[in-house]
Amino acid sequence: MVYHRFLAALVAGLCLYSGATFAATLSARATAGVDLQARLKEVEHDPKLSESLFKMGAKVATVCDSCHGQGGNSHRTDIPNLASQNPVYHLEQLRQYAMGQRHDPFMEGMIKAMNSDEKVGMVMFYASQKVTHKPIQNPALVTRGKVLYESACQQCHDEEGHGDEKLARIAGQQPVYLNAALKRYRAGAGTRLDARMAANTKKMTDADIDALVAYTMSLQ
């Protein structure tokens with residue numbers, strides 16, 4: 001009798017878990033074809049909806065805290081900050097992960113499990129957060145990096161490194177992450193190929209990249 005009750009409870013629990021997982025999958029699939037950029041614009045023009053999705057995004061972001069840090073300030077130098085990132089740019093990166101244009105098994109799985117409003121709410125939340133800046137450790141390196149930035153990066157990423165809807169904010173970005181990204185562009189490796197980035201980094205030495213990263217970290 002005890003065994004039968006235990007078996008019944010186990011089956012009920014499995015069914016409940018499977019049902020919740022199935023419902024989440026259906027939710028994500030149902031919104032897979034939604035134009036995220038159009039949805040973001042719609043939300044931005046509806047204060048009540050904007051507030052609702054912002055709160056949803058804040059909750060979703062807590063799942064990302066273990067890697068990207070609370071409020072999008074990563075506690076690991078090899079994982080990017082999401083704080084203050086342009087929401088249009090950020091949404092495009094989510095779309096690329098979902099479509100397999102950017103590759104990371106963990107990220108792809110996480111993003112595919114989210115519905116469109118969760119994605120929109122999340123990027124809105126992160127866009128509102130401030131980057132926590134670290135004190136300058138090597139002023140001479142930063143000064144050298146400033147010269148490189150002004151000649152190779154400023155025209156696209158803007159004077160303050162804030163980027164725009166098509167280009168990433170790099171001001172205050174995590175150093176190991178940014179250093180590796182620049183070297184991938186220089187090598188023409190990986191899935192994120194970009195002719196402009198390749199041309200601008202082609203002649204940079206490792207020391208140049210170190211200086212450039214030091215300077216972008218100092219930007220507010």
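Residues numbered from 1 in each chain as written. Predicted model: local features only at pLDDT ≥ 70, side-chain atom pairs only at ≥ 80, totals over all residues. Heavy atoms only, no water.

### Describing the side chain of Arg169
Here's step 1: Looking at where Arg169 falls in the secondary structure, it is placed in the loop between helix 8 (154-157) and helix 9 (175-187).
Here's step 2: Polar side-chain contacts of Arg169 include one of 3.3 Å to the backbone oxygen of Ala171.
Here's step 3: A distance of 3.0 Å separates a polar atom in the side chain of Arg169 from the backbone oxygen of Gln220.
Here's step 4: In contact with Arg169, other than residues within four places in its own chain, are Ala83, Ser84, Gln85, Val131, His133, Gly161, His162, Gly163 and Gln220. (Helix = DSSP H or I, 4+ residues; strand = E, 2+ residues; numbered from the N terminus. Polar contact = N/O pair within 3.5 Å; in protein donor to acceptor, adjacent residues only side chain to side chain. Contact = heavy atoms within 4.5 Å.)

### Considerations on the packing of helix 9 against helix 11 (residues 206-218)
Here's step 1: In the contact formed by helix 9 and helix 11, the axes pass within 10 Å of each other and the chain directions differ by 135°. By the criterion of interaxial angle, the relationship of helix 9 to helix 11 is oblique. Seen along the crossing, helix 9 lies across helix 11 with a hand that is right-handed. On helix 11, the residues touching Pro175, Leu178, Asn179, Leu182, Lys183 and Arg186 of helix 9 are Asp206, Ile209, Asp210, Leu212, Val213, Thr216 and Met217.
Here's step 2: A per-class count over the contact of helix 9 with helix 11 returns seven nonpolar, two polar and four charged. (Axes fitted to C-alpha atoms, helices over the stretch in contact; angles between N-to-C directions. Parallel < 35°, antiparallel > 145°, perpendicular 65-115°, else oblique. Left-handed = near helix turned anticlockwise from the far one by under 90°. Nonpolar A, V, L, I, M, F, W, Y, C, P; charged D, E, K, R; others polar.)

### Examining the packing of aromatic side chains
Here's step 1: Using the criterion set out here, one finds three aromatic pairs in the structure.
Here's step 2: Taken together through their ring pairs, the aromatic side chains of Phe54, Phe125 and Tyr126 make up a single cluster. (Phe/Tyr/Trp six-rings, centres within 6.5 Å; stacked < 30°, edge-to-face > 60°.)

### Notes on the environment of Tyr126
Here's step 1: Here Tyr126 lies in helix 6 (residues 116-127).
Here's step 2: Those residues in contact with Tyr126 that sit more than four places away from it in its chain are Ala61, Cys64, Gly71, Gly72, Leu82, Ala83, Ser84, Gln85 and His90.

### Considering helix 3 (residues 47-68)
Here's step 1: Along its 22 residues, helix 3 runs just 28 Å from first to last C-alpha, ending more than 12% under the 32 Å computed at 1.5 Å per residue.
Here's step 2: In the structure, helix 3 departs most strongly from a straight axis at Thr62, where the bend amounts to approximately 45°.
Here's step 3: Three or more residues of helix 3 are buried, namely Leu49, Ser50, Leu53, Gly57, Val60, Ala61, Cys64 and His68.
Here's step 4: Buried residues in helix 3 make contact with helix 2 (36-44), helix 5 (105-112) and helix 6.
Here's step 5: Gly69 occupies a position one or two residues after helix 3 and carries a positive phi of about 80°. (Expected span 1.5 Å × (residues − 1). Bend = angle between axes of the 7 residues up to and from the residue. Buried < 20%, exposed > 50% of the residue type's maximum accessible area, 1.4 Å probe, protein only.)

### Comments concerning the nonpolar core
Here's step 1: Within the largest apolar cluster, 21 residues are counted, with the highest numbers of intra-cluster contacts made by Leu40, Val43, Leu91, Leu94, Val120, Met122 and Tyr126.
Here's step 2: If you list the elements that add at least two residues to this core, you get helix 2, helix 3, helix 4 (87-98) and helix 6.
Here's step 3: When residues of this core are assigned to their parent elements, the largest contribution, six residues, is made by helix 6.
Here's step 4: Residues in contact with Val43, not counting those within four places in the same chain, are Leu49, Ser50, Leu53, Val120 and Met124.
Here's step 5: Listed in part, the 19 residues of the second largest apolar core include Val142, Cys153, Ala171 and Tyr215. (Core = buried A, V, L, I, M, F, W, Y, C linked by side-chain atoms within 4.5 Å.)

### Things to note about helix 4
Here's step 1: Taking 1.5 Å of rise per residue, the twelve residues of helix 4 would be expected to cover 16 Å, and the 16 Å separating its terminal C-alpha atoms lies within 8% of that figure.
Here's step 2: Within helix 4, nine of the twelve residues are buried, which leaves it mostly tucked inside the rest of the structure.
Here's step 3: Burial in helix 4 covers these residues: Pro87, Val88, Tyr89, His90, Leu91, Gln93, Leu94, Gln96 and Tyr97.
Here's step 4: Buried residues in helix 4 make contact with helix 2, helix 5 and helix 6.

### Examining the state of the cysteines
The bond known as a disulfide is covalent and runs between the sulfur atoms of two cysteines.
Here's step 1: Tallied over the full model, the rule gives zero disulfides.
Here's step 2: We note that Cys64 lacks a disulfide partner, and the nearest cysteine sulfur, in Cys67, lies 8.2 Å from it.
Here's step 3: Just so you know, Cys156 is unpaired, no disulfide at all, and the nearest cysteine sulfur is the one on Cys153, 8.5 Å from it. (Disulfide = S-S within 2.5 Å.)

### Focus: the pattern of salt bridges
Opposite charge on two side chains makes pairing possible when the charged atoms of those side chains draw close.
Here's step 1: In total, this model carries nine salt bridges according to the counting rule given.
Here's step 2: In this structure, Lys146 and Glu150 form a salt bridge, with 2.4 Å as the shortest nitrogen-oxygen distance. With Lys146 and Glu150 both in helix 7 (residues 139-152) and four residues apart, the pair spans about one turn of that helix.
Here's step 3: Lys146 gets classed as partly exposed once you look at its relative accessible area, which sits at 36%.
Here's step 4: Exposure remark for Glu150: the relative accessible area of 40% places this residue in the partly exposed category.
Here's step 5: When the shortest N-O distance is used, the salt bridge between Arg186 and Asp206 registers 2.8 Å. (Salt bridge = Lys/Arg side-chain N within 4 Å of Asp/Glu carboxyl O.)

The values reported here are purely geometric and, on their own, carry no functional implication.
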